[in-house]
Amino acid sequence: MTGNPIQADGERQPVVLTPFRDRLDDLGPRRTPALAFVFLGWLLIYLAAGAIAGREKISHAVRRTGGLAILWIPSVILVPAALGNPSAGLEYGLIAGLALLLGFLSDRFLPWPRATLVPAVVGLTVITVDLALGSHLITRSVLGPNPGYGSRFYGIGNELKPALMVLLLAGLAAALTSRPKSRKTAGIVIGCGIGLGVILGSGRLGAGVGSSIIVASATAVAAILMLPGRMTWKRGAIILAAPVIGLVLLAGLDLATAGGQGHFSHVLTGGGDGFIDDVRRRSTLAWQQLWKGNMALVTLGCLLAAAFAIRNRDMFKPFPGPIWPAALIGGLAGGLIGSVTEDSGPLLIVVATIALTGVCSYLLGRPDTSHLVSEESPQRQE
């Protein structure tokens with residue numbers, strides 16, 4: 001407790017607060033099942049389509065649809081929130097059904113590998129709008145901040161930060177697919193990263209101090225990888241300095257928009273002892289989170305999945321452009337950095353891994369063109 005005064009305005013009646021409390025009570029137990037239903041629906045689509053048309057014909061399309069569905073989750077979780085407090089079954093059905101439907105439509109109307117641009121643009125737009133309006137839908141969504149778990153009532157919580165970071169990189173990868181490595185492309189990545197960092201870190205919007213560290217780290221890695229030439233010690237130093245640069249930018253934003261009295265100031269100021277105490281608190285809570293329930297096992301699985309993808313990266317080749325491996329590595333870096341700088345600890349790498357699984361699945365769903373080659377080969381022989 002810092003002792004800062006709290007000012008209340010407006011009228012708050014039990015008839016309004018009670019449904020809000022009931023909604024918050026239901027959200028925690030629904031988080032994991034809501035995500036599980038998306039994967040379950042994906043599996044059912046694969047089995048049904050494979051039983052009807054054969055696995056060879058549908059495997060690539062189902063990979064793309066499921067991968068895009070994961071990227072649609074940050075958007076579709078707002079739909080049940082807009083309905084108030086629907087039943088658990090209805091909420092799971094809406095999230096899974098809408099995510100898979102939108103994943104299918106995205107793949108249907110945009111050629112591979114451009115379709116990740118749609119969930120990225122829509123998701124980041126609707127979330128930004130909701131933040132500007134008071135984050136009412138995000139707070140009432142299954143991945144929103146929840147005071148019942150020690151979180152705040154508003155803004156972006158640790159459950160969404162890494163997902164939105166990966167969503168930005170996936171959208172940039174789709175938009176910049178055909179571009180070679182260049183300083184201009186790297187600049188675009190940095191510029192978009194700054195924009196997302198402002199949205200998620202501003203006390204008047206996302207109010208997430210850790211977002212500046214996560215987004216800065218992820219976009220710095222992706223941008224450095226998009227520069228021509230080899231990795232140098234200077235580029236490595238920039239990557240290491242990225243979290244600090246992100247905090248400095250957030251401090252400037254706080255001073256400019258809140259007179260030094262914003263979320264950044266309350267969290268990280270208070271002199272050297274205050275900063276050290278905050279770092280100690282975050283690291284202690286992150287370590288405690290690792291040993292809650294099955295989190296240690298889940299975290300190990302995510303790290304093994306990342307190691308598997310890196311060791312077997314040839315399965316993604318040929319990449320449809322250098323931006324894609326840069327986006328994947330940047331997303332992983334952001335998740336890892338977030339897991340050691342946020343008080344939710346391993347949750348950050350778990351969420352980042354789930355989002356990156358969607359991107360990887362979409363890339364592995366590259367359309368099969370072998371039939372076109374086989375049809376052309378007799379003509380070539382003639």
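Note that the coordinates shown come from a computational prediction; the quantities given were computed from them, not determined experimentally.

Basis of the calculations
Residues numbered from 1 in each chain as written. Predicted model: local features only at pLDDT ≥ 70, side-chain atom pairs only at ≥ 80, totals over all residues. Heavy atoms only, no water. Helix = DSSP H or I, 4+ residues; strand = E, 2+ residues; numbered from the N terminus. Buried < 20%, exposed > 50% of the residue type's maximum accessible area, 1.4 Å probe, protein only. Contact = heavy atoms within 4.5 Å. Areas by Shrake-Rupley, 256 points an atom, 1.4 Å probe, with all protein chains shown as cover. Core = buried A, V, L, I, M, F, W, Y, C linked by side-chain atoms within 4.5 Å. Axes fitted to C-alpha atoms, helices over the stretch in contact; angles between N-to-C directions. Parallel < 35°, antiparallel > 145°, perpendicular 65-115°, else oblique. Left-handed = near helix turned anticlockwise from the far one by under 90°. Nonpolar A, V, L, I, M, F, W, Y, C, P; charged D, E, K, R; others polar. Patch = residues over 30% accessible without salt bridge, like charges linked within 9 Å, V, L, I, M, F, W, Y side chains within 5 Å. Salt bridge = Lys/Arg side-chain N within 4 Å of Asp/Glu carboxyl O. pLDDT = per-residue confidence, 0-100. Expected span 1.5 Å × (residues − 1). Arc of directions from axis to C-beta. Phe/Tyr/Trp six-rings, centres within 6.5 Å; stacked < 30°, edge-to-face > 60°.

Draft legend 1. Molecular detail of the overall build of the protein. From N to C terminus, the protein includes 16 helices and zero strands. Classification of the 382 residues of the protein by burial places 46% in the buried group. Taking all contacts inside the protein whose residues are at least 6 apart in sequence as the whole, residues at least 24 apart take part in 75%. Per element, the accessible surface of the protein, about 19,300 Å² overall, is 66% carbon and sulfur.

Draft legend 2. Summary view of the environment of Thr284. Along the chain, Thr284 turns up in helix H12 (residues 271-290). Considering only alpha carbons, one finds Thr284 and Gly345, 61 residues apart in sequence, at a separation of 9.3 Å.

Draft legend 3. Region of interest: the nonpolar core. Within the largest apolar cluster, 75 residues are counted, with the highest numbers of intra-cluster contacts made by Ile77, Ile156, Leu164 and Val359. Not counting the four nearest positions on each side in its chain, Ile77 is found in contact with Ile95, Ser141, Val142, Leu143 and Leu160.

Draft legend 4. Region of interest: the packing of helix H5 (residues 117-132) against helix H7 (residues 161-175). Where H5 meets H7, the axes come as close as 8 Å, and the angle between the chain directions of the two elements is 135°. Judged by the angle between their axes, H5 and H7 are oblique. Like other packed secondary-structure pairs, H5 and H7 cross with a definite hand, here left-handed. For the pair H5 and H7, contact is made by Leu117, Pro119, Ala120, Gly123, Leu124 and Ile127 and by Leu164, Leu167, Leu168, Gly171, Ala174 and Ala175, respectively. Grouping the constituent residues of the contact of H5 with H7 by class yields 10 nonpolar, two polar and no charged.

Draft legend 5. Representation of a nonpolar patch on the surface. A cluster of nonpolar side chains, namely Phe37, Leu40, Leu43, Leu44 and Leu47, defines an oily patch on the protein surface of about 450 Å² accessible area. Relative to the elements of secondary structure, Phe37 occurs in helix H1 (residues 14-53).

Draft legend 6. Fine view of the pattern of salt bridges. Under the criterion given, the structure shown has nine salt bridges. With its nearest N and O atoms 3.2 Å apart, the salt bridge here joins Asp22 to Arg21. Residue Arg64 pairs with Asp107 through a salt bridge whose shortest N-O separation is 2.7 Å. Placement of Arg64 in helix H2 (residues 55-76) and of Asp107 in helix H4 (residues 88-109) is noted, with a sequence separation of 43 residues between them. Three or more residues are tied together by salt bridges with common partners; here these are Arg23, Asp26, Arg30 and Glu91.

Draft legend 7. Region of the structure containing unusual backbone geometry. At the junction of Trp112 and Pro113, the peptide bond is cis and its omega measures out at 5° in the coordinates. For Pro113, the location among the structural elements is in the loop between H4 and H5. Positive phi, close to 55°, is recorded for Ser135, a residue that is not glycine.

Draft legend 8. Broad picture of the confidence of the model for the protein. For the protein, per-residue confidence averages 84 on the pLDDT scale, and 86% of positions sit at 70 or higher. Looking at the elements of the protein, mean pLDDT is at its lowest for helix H16 (residues 370-381), recorded as 41, and at its highest for H4, recorded as 96. Per-residue pLDDT stays below 50 along residues 370-382; that stretch engages in zero contacts with residues further than four places along the chain or on separate chains.

Draft legend 9. Looking closely at the environment of Leu168. Checked against the element boundaries, Leu168 lands in helix H7. According to the relative accessible area criterion, Leu168 is buried, its value standing at 10%. Considering only alpha carbons, one finds Leu168 and Pro119, 49 residues apart in sequence, at a separation of 9.5 Å. Each residue touching Leu168, except ones within four places of it in the same chain, is listed here: Leu124, Cys192, Gly193, Leu196 and Thr219.

Draft legend 10. Geometry of the packing of H2 against H4. Packing of H2 against H4 leaves a shortest axis separation of 7 Å and a crossing angle of 125°. Considering the angle they form, H2 stands oblique to H4. For the pair H2 and H4, the crossing hand works out as right-handed. Here H2 contributes Arg64, Thr65, Leu68, Ala69, Trp72 and Val76 to the contact with H4, which in turn contributes Ile95, Leu98, Ala99, Leu100, Leu102, Gly103, Phe104, Ser106 and Asp107.

Draft legend 11. View of H5. An ideal rise of 1.5 Å per residue puts 22 Å on 16 residues; H5 measures up with 22 Å between its terminal C-alpha atoms. Among all positions of H5, only Pro119, Ala120, Gly123, Leu124, Ile127, Asp130 and Leu131 are buried. The buried residues of H5 occupy one face: seen down the axis, they fall within an arc of 135°. Positive backbone phi, at 115°, marks Gly134, one or two positions downstream of H5.

Draft legend 12. Here's a closer look at the side chain of Ser217. Mapped onto the elements, Ser217 comes out in helix H9 (residues 209-225). According to the relative accessible area criterion, Ser217 is buried, its value standing at 4%. With near-sequence residues (within four places) excluded, Ser217 lies in contact with Ala242, Pro243 and Ile337.

Draft legend 13. Looking closely at the packing of aromatic side chains. Here the structure, examined in full by the defined rule, presents three aromatic pairs. Seen from their ring centres, Phe39 and Trp42 are 6.1 Å apart, and the 40° between their planes marks the pair as tilted. With Phe39 and Trp42 both in helix H1 and three residues apart, this pair spans about one turn of that helix. Take Trp42: its relative accessible area is 16%, and that puts it in the buried class.

Draft legend 14. The side chain of Ser141, seen in detail. When you line up the elements, Ser141 lands in the loop between helix H6 (136-139) and H7. The contacts of Ser141, once residues within four sequence positions are left out, are Arg23, Leu27, Ile77, Leu78 and Ala81.

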